[in-house]
Amino acid sequence: MHISKVDLNLFVVFDAIYTERSLTRASQKMNLTQPAVSHALGRLRQLLGDPLFERQGHEMAPTPLARNIVSQVRNALRGLELTVNSAERFDPASSERTFTLAMRDVVEPNLLPPLMAAIAAQAPMVGVNVLRMARTELESELAAGTVDAGIDVLLPLSEHIRMLRLPGDDTVVFARRGHPSVQGELDLDLYLRQQHIQVSARRSGPSLEDVELSRRGLQRRIRMRCQHYFTACSVVSQTDFLLTMPARYGRVLNQQFNHQILPLPLPLPSIDNHLYWHANVDHDPAHMWLRERIADVIRLLPP
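An unreviewed UniProt entry annotates the chain as LysR family transcriptional regulator originating from Pseudoduganella rivuli. Within the UniProt record for the chain, the comment given under Sequence similarities (unreviewed entry) is "Belongs to the LysR transcriptional regulatory family."

In structure tokens:
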């Protein structure tokens, strides 16, 4: 079937229904009547020879065919949108655009203050939304355009995702002041004799330092596992536990705790972050401007 015989608006409706899982919400999102959305879905069903969505309870669940084509449809729609928008010059001083960034909470405190200062100086009406998402969702969100860029560790993503390696971070150890065994110095034997806190959003699994210790045939004693470094720092202040964490974020948190910050007595590779974006926005002026601001700010962060 030649593309000239296809109404491309049908795929816009498809994307809205897939996102909202509801004809009513899709019609509201597109500012159309529900019968109009139902009619468009009927035409697309006839075109593709598949129901595409089937009602399950209060939701419209996508069929296997719908799940198989949604990424290609979204990529195509995003490409058309960028083609139209690229004809317009991006002027930071007058733009009212809002960018959406995905990043971990350990990156936010160091990046956002200088990034927002840089953006405010050049683009006083540009906004930024920051969210955290599962790493497995990053590529699809970038492809759909719901996220403009992401910052995370090295991830196994497809060739459709571009990335830029950013300056890395070191790993340090926190101990409370007044710790009976740790007083300004920490070697590996002393580190292993202590009790530790492990921070992870996952339910189980080793951290980087545990992987390296295991490689050497060593193991530390983990007394507590929690989700947030702030919580772990609070526990450190009331126990003799040690906390191992990224250095830059640690210095931000330690303004409230005044713990000892000691080098990790274990050689670990630098914790590298990467800036990710979709190939569709490689040459989009607005995205290029945003990526330049992020890269500039991170390069200027103190080591």
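J.: How do you make sense of the pairing of strand β1 (residues 53-56) when you look at a structure like this?
T.: Successive side chains on a regular strand alternate, one facing one side of the sheet and the next facing the other. In terms of strand pairing, β1 meets strand β2 (residues 59-62) through four bridges, oriented antiparallel. Counted as the bridge partner of Phe-53 is Pro-62 from β2. Count of turn residues in the β1/β2 antiparallel hairpin: two residues, of which Gly-57 carries a positive phi of about 65°.

J.: Could you clarify how one ought to interpret the side chain of Thr-244 in this entry?
T.: By the secondary structure assignment, Thr-244 is in strand β10 (residues 242-246). Engagement of the side chain of Thr-244 in a polar contact is seen with the side chain of Tyr-191, the distance being 2.8 Å. Residue contacts for Thr-244: discarding those within four places in its chain leaves Thr-171, Val-172, Val-173, Tyr-191, Ile-197, Glu-209, Arg-220, Tyr-229 and Leu-264.

J.: Would you explain the sheet that holds strand β9 (residues 221-226) in this entry?
T.: Adjacent strands of a sheet form backbone hydrogen bonds with each other and so pair up, either parallel or antiparallel. With mixed pairing, the five strands of this open sheet are ordered in space as β9-β8-β10-β7-β11. Since the sheet does not close on itself, it has two edges, and those belong to β9 and β11 (260-263), each with one partner. Neighbour-to-neighbour, the strand axes of the sheet open up by a mean angle of 35°, direction not taken into account. Bridging between strand β8 (residues 195-199) and β9 involves five bridges; their strand directions are parallel.

The rules we used
- Residues numbered from 1 in each chain as written.
- Predicted model: local features only at pLDDT ≥ 70, side-chain atom pairs only at ≥ 80, totals over all residues.
- Heavy atoms only, no water.
- UniProt positions renumbered as here; feature names shortened; annotations may be inferred.
- Pairing = 2+ DSSP bridges.
- Helix = DSSP H or I, 4+ residues; strand = E, 2+ residues; numbered from the N terminus.
- Polar contact = N/O pair within 3.5 Å; in protein donor to acceptor, adjacent residues only side chain to side chain.
- Contact = heavy atoms within 4.5 Å.
- Axes fitted to C-alpha atoms, helices over the stretch in contact; angles between N-to-C directions.

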